[in-house]
There are 2 protein chains.
Amino acid sequence: MSGFVLKGHICHSADKDRIEILEDHYLICEDGICRGAFAVLPEAYASLPVQDMSGKLIIPGLSDLHIHASQFGYRGLGMDMELLEWLEHHAFPEERKFADLDYAELAYGQFVRHLRRSETTRACIFTTIHREATELLMEKMEESGLVSYVGKVNMDRHCPEFLQEKDESETRLWLEHTAGKYQNTKPIITPRFIPSCTDGLLYAIGRLSREYDVPVQSHVSENLSEIQWVKELVPDAVNYGDAYAKFDLFGKDGQKCLMSHCVYSDEREMAMMKENGVVIAHSPESNMNVASGVAPINRYLDYGLRVGLATDVAGGSHESMFRAMIHAIQSSKLRWRLLDQSVAPLTFDTAFYLATRGGGVFFGKVGAFEDGFEFDALVLDDANLDHPQQITTHERLERIVYLGDERNIIHKYVRGVGLF
Amino acid sequence: MSGFVLKGHICHSADKDRIEILEDHYLICEDGICRGAFAVLPEAYASLPVQDMSGKLIIPGLSDLHIHASQFGYRGLGMDMELLEWLEHHAFPEERKFADLDYAELAYGQFVRHLRRSETTRACIFTTIHREATELLMEKMEESGLVSYVGKVNMDRHCPEFLQEKDESETRLWLEHTAGKYQNTKPIITPRFIPSCTDGLLYAIGRLSREYDVPVQSHVSENLSEIQWVKELVPDAVNYGDAYAKFDLFGKDGQKCLMSHCVYSDEREMAMMKENGVVIAHSPESNMNVASGVAPINRYLDYGLRVGLATDVAGGSHESMFRAMIHAIQSSKLRWRLLDQSVAPLTFDTAFYLATRGGGVFFGKVGAFEDGFEFDALVLDDANLDHPQQITTHERLERIVYLGDERNIIHKYVRGVGLF
């Protein structure tokens, strides 16, 4: 038996409404799997080395369900535009550069270094149409120790010619090269969105998802103009989600499916997502920055949908999942105040849930410290966030999220392996 | 003549819509006053020492128009409540502690240390009702080198008895002690808000403002329940602003007046603020966190009102004015999307204007690098914000605001004095 014990203040989500705090507990990791947290170290684990993090907070690693590695270089730039304008003027010209492997080496190197140091332990990543650059990123991700799904993007229309692929052949080759190659890094079928793919390409990659048993990720119901456009492009679909379903890309029959945004999903789209087990990647900062709106997350949660959180760099400006949590709370308050008081704002505890076990579900038993969960953990030191009064451990956690950054992470574990 | 020259990329607001960027310019400081920026160092300043900040960005210091020093200890805490609930359960019990000077020493020490290291060069500060603790803070602020107005808060109703003062006598004593005492630190009359002050107290402090020629700051039209309450408390006022005006606390006849929030100011309140020269302290994060709403800043600017930016810690979670700029932009986008497309979202350039010369106006000629302006400046190094592509200086500035923090500030000058 290989393993270790972390001693400290264990914080994780008991359920979507409540963070459970276990002070001065022993958290057990055995062969990369969590064996629970205990007030007294159980006899069975007495031989494991104990790392004393007394006074520190220990939380599950955070899952970033949607981030564009190729856009990382221009995070925090060009934020005065709406989605379709931003794609044309900013995203597309930059993506072209990833045909050049030297450029990809530089850009993806920066991306992986930042992500490794961040709160994120698992990520679902978009790249570009370029197969070789995508394979380069996957290699770097595997070296990083993080767990990820990485998606070579599919596009063959409504974008500059230099970003259009002929057919699905490069995608097939990429799956040949990468499916099953790595322990922590897996391919995921990634149509950019309906407008950028012809029916033929969508059918083909839907079939590839089945053939290689690979999950699917994309964008859905993000922006009103985009939704209108999809209606015109796929007139027989009852909604945007159904447009994916027509090409077998919406999570039926055991296909794992992750959809970003869902700002404007209606009852029927919600029903489809529930039936198909689609996981929603809520991207609150991006939805603010490109003025898309605010997804009604508590409505989705109450309806029984599976929802996680995402930074969506570079629609979002920053890779920090702490910031994504704040953005989720703040934008939900404005949605409540300005638009619709039938959906309650998100509490801190629910935002924490989204960032941990809410999103972790896409990776399996991930995002909490229950027996049998994979052991992803961050050890947090908040000594620099000084305060004059006594505060509770729950308050310390809230403060770290609002005020802290990567400096507050002193240790990071993924699948039981310490990254730093 | 005492002075110096900074060489680097000078960035400041030409007007509310446009940041002017002067690359590789010489910025002149003479006796604490800016003498402009020049492509070639003018003969007249040839004898001044030149500090070479080539490649770095040099921006005006930022003015935080509204921050509660006494709430700094619980920044980033208790963010799941609305305004009136938050005051009762969180703010009021904590404020009581400032009767104890040892506690004030500890808490205000932490506040001033953070503020000194932050983007802020000037601040308008609320304390508590406690005179001695307020004087202690003023001493610390003066030592810090920052420029500030500090307001001992007035309250004598609708709050716990331990936070009610008998009358204005402590305020008078405080003005006796501090008006004219410091070079950089000035008192400002600070009724917390209408609900917390009886008519008698408001009349008395209005008179004190005139007697000592001291400006006024308070909160106005922040939250719908609060506005309704003020309507009941001052039934003959036509709006919330007019309730202050009745007690000579709304900036007429040369009284400098600063009002926070203005989320719901109507046409008539706008007209009064324009006529009286009231400066608005826009506090976007706080307005999100306590679910108040979003102030229509572009409407106010187009109407000719004077608007600056504020963190409003601890309604806002963080003392960073960079973050306040992002919050201003993001919340204006959601206001536009969810509520009212007649008011355009804020651009990055306008948010920068609000944080610099928009708010600087409350302090005089402050917030730009024009000849005759006071010399407040930050030198920014963005080397840690790596990127693979060429970007413009304007883009570098946008990135620092979205991604940076106090680590990116390598030098800070206030009134020509280098703080670090």
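Please refer to the structure higher up on the page.
Residues numbered from 1 in each chain as written. Chains lettered and ligands numbered in written order. Predicted model: local features only at pLDDT ≥ 70, side-chain atom pairs only at ≥ 80, totals over all residues. Heavy atoms only, no water.

### Brief notes about the sheet that holds strand β7 (residues 147–151) of chain B
Residues and elements named next belong to chain B.
Here's step 1: Ordered in space as β5-β6-β7-β9, the 4 strands form an open sheet in which the pairing is parallel. The open sheet has two free edges, formed respectively by β5 (62–68) and β9 (185–187), since each of these has just one partner strand. Neighbour-to-neighbour, the strand axes of the sheet open up by a mean angle of 20 degrees, direction not taken into account.
Here's step 2: Pairing between β7 and β9: 3 bridges, direction parallel. Along β9, the bridge assignment pairs Tyr-149 with Lys-186.
Here's step 3: Relative to β7, helix α3 (residues 131–144) is tilted by about 175 degrees, and along the sheet it contacts β6 (120–126), β7 and β9. (Pairing = 2+ DSSP bridges. Helix = DSSP H or I, 4+ residues; strand = E, 2+ residues; numbered from the N terminus. Axes fitted to C-alpha atoms, helices over the stretch in contact; angles between N-to-C directions. Contact = heavy atoms within 4.5 Å.)

### A short note on the relation of the copies chain A and chain B
Here's step 1: Superposing chain A onto chain B takes a rotation of 180 degrees combined with a translation of 0.0 Å along the rotation axis, leaving an RMSD of 0.0 Å. Expressed as a symmetry operation, the mapping of one chain copy onto the other fits a two-fold axis.
Here's step 2: The residues that chain A uses at the interface reappear at the interface of chain B in 100% of cases, marking a shared surface. (Least-squares fit on C-alpha atoms with pLDDT ≥ 70 in both.)

### What to know about the packing of helix α11 (residues 321–338) of chain B against helix α13 (residues 393–403) of chain B
Residue and element names in this part refer to chain B.
Here's step 1: Taken N-terminus to C-terminus, the directions of α11 and α13 make an angle of 100 degrees; their axes are 7 Å apart at the nearest point. The orientation of α11 with respect to α13, classified from their angle, is roughly perpendicular. Across the interface between the two elements, Phe-322, Met-325, Ile-326 and Ile-329 of α11 pack against Ile-400, Val-401 and Tyr-402 of α13.
Here's step 2: Residues that form the contact of α11 with α13 fall into these classes: 7 nonpolar, no polar and no charged. (Parallel < 35°, antiparallel > 145°, perpendicular 65-115°, else oblique. Nonpolar A, V, L, I, M, F, W, Y, C, P; charged D, E, K, R; others polar.)

### Concerning the interface of chain A and chain B
Here's step 1: Opposite the 61 residues of chain A that make contact, chain B presents 61 residues.
Here's step 2: Both sides together, the interface formed by chain A and chain B hides about 4900 Å², and carbon and sulfur atoms give 51% of it.
Here's step 3: Looking at the side of chain A facing chain B, the largest losses of area belong to A:Arg337, A:Leu338 and A:Pro388, adding up to 13% of the total buried there.
Here's step 4: Summed over the shared surface of chain A and chain B, the result is 7 salt bridges.
Here's step 5: For A:Asp386, the salt bridge goes to B:Arg75, with nearest N and O atoms at 3.6 Å.
Here's step 6: Linking chain A with chain B are 34 residue pairs in polar contact (both at pLDDT 80 or more), by the criterion used here.
Here's step 7: Those elements that place two or more of their residues in the side of chain A that touches chain B are α1 (83–95), α2 (101–117), α9 (284–289), α11 (321–338) and α13 (393–403) of chain A.
Here's step 8: Per-element accounting of the side of chain A that touches chain B gives the leading share, 11 residues, to α11(A).
Here's step 9: The residue inventory of the side of chain A that touches chain B, partitioned by class, reads 23 nonpolar, 20 polar and 18 charged. (Buried area = accessible area lost by both parts, 1.4 Å probe. Salt bridge = Lys/Arg side-chain N within 4 Å of Asp/Glu carboxyl O. Polar contact = N/O pair within 3.5 Å; in protein donor to acceptor, adjacent residues only side chain to side chain.)

In short, the description is geometric, and any link to function would need to be established separately.
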